[in-house]
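Chain residues, written in single-letter form:
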Amino acid sequence: MDTYTYSCPGCGAGLEFDAVSKKMHCKYCDEYYIPELLDGPKMKMSFMDVRVYSCGNCGGEVMTNDVEVSTFCAYCGQSALMFDRVSRERMPDKVIPFILTKEQALNTAKEKFANAQCQGNSIKELRADSVHGIYMPYWKFSMAMNMEATIVVRSKQMGTYHDSESIQKDIMLDGSTSFNDDIAFYLNPFILEDAKPFNMAYLSGFYADRSDDSVERKEAEASDRISNILKKIIWNRTPGTTKTAMVDMYDLSSVPGFGKLYDFKVDSLDCVTGRTEYFFLPVYFITFRAAGKKVIILVNGQTGKVIGNIPVIDSELKKKQIVSAVICAFICAAVGGLAMGYVNILWGGFMVGLLCFFIIMSGIASKKKYKSRYAKTNSDNMFRLTRRNR
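Residues numbered from 1 in each chain as written. Predicted model: local features only at pLDDT ≥ 70, side-chain atom pairs only at ≥ 80, totals over all residues. Heavy atoms only, no water.

Asker: I keep staring at the overall build of the protein and nothing clicks. Help me out?
Answerer: A count of helices and strands for the protein gives six helices and 14 strands. Here the protein holds 390 residues, and 44% of them are scored as buried. For the protein, long-range pairs separated by at least 24 residues make up 74% of all intrachain contacts whose partners lie at least 6 apart in sequence. Of the accessible surface of the protein, which amounts to about 20100 Å², a share of 55% is contributed by carbon and sulfur atoms. (Helix = DSSP H or I, 4+ residues; strand = E, 2+ residues; numbered from the N terminus. Buried < 20%, exposed > 50% of the residue type's maximum accessible area, 1.4 Å probe, protein only. Contact = heavy atoms within 4.5 Å. Areas by Shrake-Rupley, 256 points an atom, 1.4 Å probe, with all protein chains shown as cover.)

Asker: Got a minute to help me understand the packing of aromatic side chains in this structure?
Answerer: Counted according to the given criterion, the structure contains 10 aromatic pairs. Measuring from ring centre to ring centre gives 4.7 Å for phenylalanine 98 and tyrosine 284, while their planes differ by 55°; the resulting arrangement is tilted. Of this pair, phenylalanine 98 sits in the loop between strand 7 (94–95) and helix 1 (102–112) while tyrosine 284 sits in strand 12 (residues 262–290); the two residues are 186 residues apart in sequence, bridging distant segments of the chain. A connected cluster of aromatic rings, assembled from ring pairs, spans Phe98, Tyr135, Trp139, Phe198, Phe206, Tyr278, Phe280 and Tyr284. (Phe/Tyr/Trp six-rings, centres within 6.5 Å; stacked < 30°, edge-to-face > 60°.)

Asker: Help me out: how do you make sense of the confidence of the model for the protein in this one?
Answerer: Keep in mind that low pLDDT regions are not for reading the predicted coordinates in detail. In this model, the protein carries an average pLDDT of 77, and 67% of its residues clear a pLDDT of 70 or more. Put simply, helix 6 (residues 379–382) is where the protein has its lowest mean pLDDT, 50, and strand 7 is where it has its highest, 94. Confidence drops under pLDDT 50 across residues 247–258; counting only partners more than four residues distant or on other chains, this segment forms 14 contacts. Under a pLDDT of 50 for its full length, residues 381–390 has, in the predicted model, 36 contacts with residues more than four places off or in other chains. (pLDDT = per-residue confidence, 0-100.)

Asker: Explanation requested: the environment of methionine 91 in the structure shown.
Answerer: Positionally, methionine 91 belongs in the loop between strand 6 (81–90) and strand 7. The class of methionine 91 is buried, set by a relative accessible area of 16%. Along the primary structure methionine 91 and methionine 200 are separated by 109 residues, whereas in three dimensions their C-alpha atoms are 8.8 Å apart.

Asker: Would you explain helix 3 (residues 215–236) in this entry?
Answerer: Owing to its 3.6 residues per turn, the α-helix aligns residues three or four sequence positions apart on the same side. The terminal C-alpha atoms of helix 3, which comprises 22 residues, lie 32 Å apart, in line with the 32 Å expected from a rise of 1.5 Å per residue. Listing the buried residues of helix 3 in full gives Lys218, Glu221, Ala222, Ser223, Ile226, Ser227, Leu230, Ile234 and Trp235. In the core, the buried residues of helix 3 are packed alongside strand 8 (131–153), strand 9 (159–174) and strand 12. (Expected span 1.5 Å × (residues − 1).)

Asker: Got a minute to help me understand the pairing of strand 8 in this structure?
Answerer: One face of the sheet, then the other: side chains in a regular strand alternate in exactly this way. Most of strand 8 is tucked away: 18 of the 23 residues are buried. Two strands pair when backbone bridges link them, and strand 8 and strand 12 are joined in this way by 22 bridges, in the antiparallel orientation. The residue bridging valine 152 from the neighbouring strand is aspartate 263, located in strand 12. Judged from the two bridges that link them, strand 8 and strand 11 (residues 207–208) form a sheet pairing that is parallel. Considered in strand 11, the bridge of tyrosine 135 is made with alanine 208. Of the strand pairs in this sheet, strand 8 and strand 9 are connected by 16 bridges, and their pairing is antiparallel. Bridge assignment links lysine 140 to a residue of strand 9, and that residue is methionine 172. (Pairing = 2+ DSSP bridges.)

Here's what the structure looks like:
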């Protein structure tokens, strides 16, 4: 089983998709070709043959055609990506080609962190060879759902309320078990109107992750998400309910003399799944190390939205704390000296104590600020990127 390479009609070299021109480019003779006009591989029942590369360090897998991009693993940053096998994979229905180039994606990320403090110059020194384009697999489910529910309220406006709601919605879910499911939410929006019928030519020069999650499980997840939307709509318009709280937060059955303050019962639920489509969506991975930690910044390859964060460098944070404390102490000393007319030993001792106080408080506040901000979007918490780490 062989994979397919798009060859230059002029010199025979492998072609790569160029995000700027939206055409296939030959680096050797510098010619451009329209992807749809090139002779492509013959697809067999909507399947395509691809080369699967595995990382010996983290276990991550990506797919390419015969135009090899790199041996560098975008998931963990190790030079351990090696050819594993040729595999027959389901062909996506649609693809959104990369709009941004690697250089544009990197510059967009640098702009986001241009004014970042205590995070060093790690990203400022990066070059485009640290950026890797990967098509991420997504499933789009077009669903219609109707819910009928009964809500019993035992506080404020007590009573039993019957309500129903219907909704039609498209749900996009990533199809790779290598990723945290919330990644689809973080990288949105993708402009699906720009999607094109899938063509193998768009993979040339890029990686692609494979959909290794079952369609049935993703469909059930999409149904759950729509169900939760309907529950929230009904809940928020029921008299006597707390609009910002979840229903299960009001279960006081374990408290003597109390039961549930609210009951939410779904009487009937009808769900119809319409069209299901398989997409490849463009994502740039910027992988590097900062402050001794692995960092992965993601950039939406269509819109330029940047996801991720860079760890705080403790030494730079301490310098900022000391400088801030000295400035505050100096201001207090100047104001105090002018007010008292002189600076005596007691005043000097007071200022030393005040300086220590500011150093301690500044350190506590700064660490809490920077550490908590990084913890929300660091690479380990935000993305469980490999099967080994899952």
